[in-house]
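Here's the letter readout for the chains.
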Amino acid sequence: MTITQREATAPVQAPGVAWAGWRTVRRHFWFLLVLTAGLALRVLAETAYRPALLYIDSVKYLEGSVATAPQGYQALLRLLEPAGGLALVAAVQHAFGLAMAVALYAVLLRRGAPRWVATLAAAPVLLDAYQLQLEQTIMPDVLFETMIAAGLVVLLWRTGRWPVAVGALLLGAAVTVREIGAVLIVPVVVFAALTVRGWARRVRRAALAAGCFMLPVLGYLAGTFGVTGHFGMAGNGPSPQYGRAAAAADCATLVLPADTRALCPSPAQTLALGGVDGLLHNPRSPGHTVPVPPGLTRDEFLDRFALATFRQQPLRVAASVARDSVRLFAPVRNDDPQVTPIARWQFQDFYPTYPRRYSMAFFTRLAHAHGSGGDLVAVQPAASILRAYQLGGGYTPGPLYAVFLVVGVAGAAAGRRRTELATPCLLVTLAAVVLLVSSDAFEFSWRYQLPAVVMLPLAGALGVTVLVRGRRSRCAAPSG
């Protein structure tokens, strides 16, 4: 063929390729529009707070602390810091946010969800300002959230032993980022058992899921023991269950030894300290100030009080956890003296610091020590735009989260006879409930609600898919 002939035939294929590309854009137009908005918000966040935002707990991840936090997030920091410092870490976390949205959209389409439903499920992770703020912050929450999303997507993508094994492995690895992820073994094992028929096969599949989930956990524990001589994930300070027990306890009716009674605060004292968070971390908390009896460590002393409260007043403790758990579904996010200040998870017009613990000078030295090419700054007007967006409603409304949860539960229940539809819905809904309630059982914080931005919309979208398919099946069934 001559050059002239090739040139003559080449344009014939171009319109077809262009038309196919345009049809793809039209089919996914709304998702691409939301994805573009999510990308623009992330560029704005990178511009507004340079090189990244630092929080109180960022220090222990940057400086390294085997005793107080798992090392999974620190592994990511050590990988990225030499290449681009804290700015690269924040950029990668923003990329995680975009990737999660694309993955959720793709797996929902694969599971038969309508495109508008899949777009709605992906929108919160793309547009929620609280998600954006933590992506810009040097904290492990976004990595934890991403590993959960990756594990769920693998489990939902197709059936079989390998997806169960890989999905469980990813979810187990999330425990090395935040210990609370250990509770996800429950929905994973339940899901694995329900994907096959016959008790023997179900037992084998559940054992496979449990074994793969525990593999990275046990590997991490073995490594920790080799380095520190202690077999454990991490310690989050003295007796983390003390805060919940002390906040819930009715001191007037609680039967305690005389030397332990001083650990029980009055409601006014609990409020003044700042609720559960203050009871755990405020130096004026009874948990820090009450003398420890001879023969006990402070952990043992606080555990003794917590155990007495759980045994004698379980309903008060359950009610306390329930009150915190429903905060996620509130129509607005207002500050509450009983929980960690919500301002910590909101964009500010200035670069935020924590004067009682860390000054701007300290944060600046820390950032420079970890590859920051310049000082910590908040750039205007980008910072003010993000703050106005967040405070003006740029987050997932609580009632919408409630709708997602209700539809997810309804989908799992309505599809109980159609396992191929109901089981994925059950997996995600159960995983969301187990993880969020377990976090709230220790302490409510808006930061700990972050996985909801991925899990509850996914559960709701799967629930809608189950219900729509069930209705179509009933309509298509022959009458008489």
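Residues numbered from 1 in each chain as written. Predicted model: local features only at pLDDT ≥ 70, side-chain atom pairs only at ≥ 80, totals over all residues. Heavy atoms only, no water.

### Things to note about the overall build of the chain
Thought 1: Check the secondary structure of the chain and you find 21 helices and 2 strands.
Thought 2: The contacts in the chain between residues at least 6 apart in sequence include a share of 76% that link residues at least 24 apart.
Thought 3: Surface accessibility of the chain: about 22100 Å² in total, with carbon and sulfur atoms responsible for 66%. (Helix = DSSP H or I, 4+ residues; strand = E, 2+ residues; numbered from the N terminus. Contact = heavy atoms within 4.5 Å. Areas by Shrake-Rupley, 256 points an atom, 1.4 Å probe, with all protein chains shown as cover.)

### Topic: the packing of aromatic side chains
Thought 1: In the structure shown here, the tally under the stated rule is 13 aromatic pairs.
Thought 2: Considering the side-chain rings of Y55 and Y354, the 5.5 Å spacing of their centres and the 90° angle between planes classify their relative orientation as edge-to-face. In this pair, Y55 sits in the loop between β1 (49–50) and α3 (58–63) while Y354 sits in the loop between α16 (314–325) and α17 (360–369), placing the two residues 299 residues apart along the sequence.
Thought 3: Judged by its relative accessible area of 6%, Y55 is buried.
Thought 4: Here Y354 falls in the buried class, since its relative accessible area comes to 14%.
Thought 5: An aromatic cluster is present here, built from Y55, W345, Y354, Y358, F362 and F363 joined pairwise through their rings.
Thought 6: Note that R178 overlies the ring of F144, its terminal NZ or CZ placed 5.1 Å from the centroid. (Phe/Tyr/Trp six-rings, centres within 6.5 Å; stacked < 30°, edge-to-face > 60°. Buried < 20%, exposed > 50% of the residue type's maximum accessible area, 1.4 Å probe, protein only. Lys NZ or Arg CZ within 6 Å of the ring centre and 35° of its normal.)

### Section: the layout of surface pockets
Empty space left among the atoms is revealed by rolling a probe the size of a water molecule over them.
Thought 1: Of the voids in this model, the second largest pocket is the one considered here, and its volume is about 330 Å³.
Thought 2: In terms of lining, the second largest pocket is formed by 18 residues, of which the most central are A247, T270, S320, R323 and Q338.
Thought 3: Counting residues per element, the ones that place at least two in the lining of the second largest pocket are α11 (241–248), α12 (267–273), α13 (275–281) and α16.
Thought 4: For the lining of the second largest pocket, the class distribution of residues is 7 nonpolar, 5 polar and 6 charged. (1 Å grid on protein atoms, 1.4 Å probe; cavity = no way out; pocket = protein on both sides within 12 Å on 5 of 7 lines; lining within 4 Å. Points joined across faces, edges and corners; volume = space filled by probe spheres on them. Nonpolar A, V, L, I, M, F, W, Y, C, P; charged D, E, K, R; others polar.)

### Some words on the state of the cysteines
Thought 1: The tally for this structure, following the rule as stated, stands at 1 disulfide.
Thought 2: There is a disulfide in this structure between C251 and C264, and the S-S distance comes to 2.0 Å. Here the S-S torsion is close to -90°, and the disulfide linking C251 with C264 is therefore left-handed. Remark: C264 occurs in the loop between α11 and α12 and C251 occurs in the loop between α11 and α12; sequence separation between them is 13 residues. In terms of burial, C251 and C264 fall into one category: buried. (Disulfide = S-S within 2.5 Å.)

### Regarding empty space enclosed by the protein
Thought 1: Tallying each qualifying case throughout the model produces 4 cavities of 30 Å³ or more.
Thought 2: Of the pockets and cavities examined, the largest cavity occupies roughly 100 Å³.
Thought 3: With 3 residues, helix α6 (residues 129–135) is the single largest residue contributor to the lining of the largest cavity.
Thought 4: Counted by class, the lining of the largest cavity contains 8 nonpolar, 2 polar and 3 charged residues.
Thought 5: Considering only enclosed or pocket space, the second largest cavity measures out at about 60 Å³ in volume.

### Observations regarding a nonpolar patch on the surface
Thought 1: Taken together, W22, V25, F29, W30, L32 and L33 make up a surface patch of nonpolar side chains, about 600 Å² in accessible area.
Thought 2: Of all the secondary structure elements, the ones that give two or more residues to the nonpolar patch are α1 (3–27) and α2 (29–48).
Thought 3: Sorting elements by how many residues they give to the nonpolar patch places α2 first, with 4 residues.
Thought 4: As for its placement among the helices and strands, F29 is situated in helix α2. (Patch = residues over 30% accessible without salt bridge, like charges linked within 9 Å, V, L, I, M, F, W, Y side chains within 5 Å. Salt bridge = Lys/Arg side-chain N within 4 Å of Asp/Glu carboxyl O.)

### Description of the packing of helix α7 (residues 141–157) against helix α8 (residues 161–173)
When two helices pack together, their arrangement is captured by the angle between the axes and the distance separating the axes.
Thought 1: Interaxial distance between α7 and α8 falls to 8 Å at its minimum, and their mutual angle equals 170°. For the element pair α7 / α8, the angle class is roughly antiparallel. Counted together, M147, I148, A150, G151, L152, V154 and L155 of α7 and P163, V164, V166, G167, A168, L170, L171 and A173 of α8 form the full contact between these two elements. (Axes fitted to C-alpha atoms, helices over the stretch in contact; angles between N-to-C directions. Parallel < 35°, antiparallel > 145°, perpendicular 65-115°, else oblique.)

### Structural notes on helix α15 (residues 298–312)
Thought 1: For α15, with 15 residues, the first-to-last C-alpha span of 21 Å sits near the 21 Å given by 1.5 Å per residue.
Thought 2: Taken together, the buried residues of α15 touch α11, α14 (286–289) and α16. (Expected span 1.5 Å × (residues − 1).)

### What to know about the pattern of salt bridges
Thought 1: Tallied over the entire structure, the rule returns 8 salt bridges.
Thought 2: Here R78 ties to E81 by a salt bridge, and the two come within 3.7 Å at their closest N and O atoms. Here R78 and its partner E81 are both found in helix α4 (residues 72–110), 3 residues apart, which amounts to about one turn of the helix.
Thought 3: Ionic pairing is found between R327 and D336, a salt bridge with its closest N-O pair at 2.7 Å.
Thought 4: In this structure D336 comes out as partly exposed when scored by relative accessible area, which is 22%.
Thought 5: The network of salt bridges with shared partners includes R244, D324, R327 and D336.

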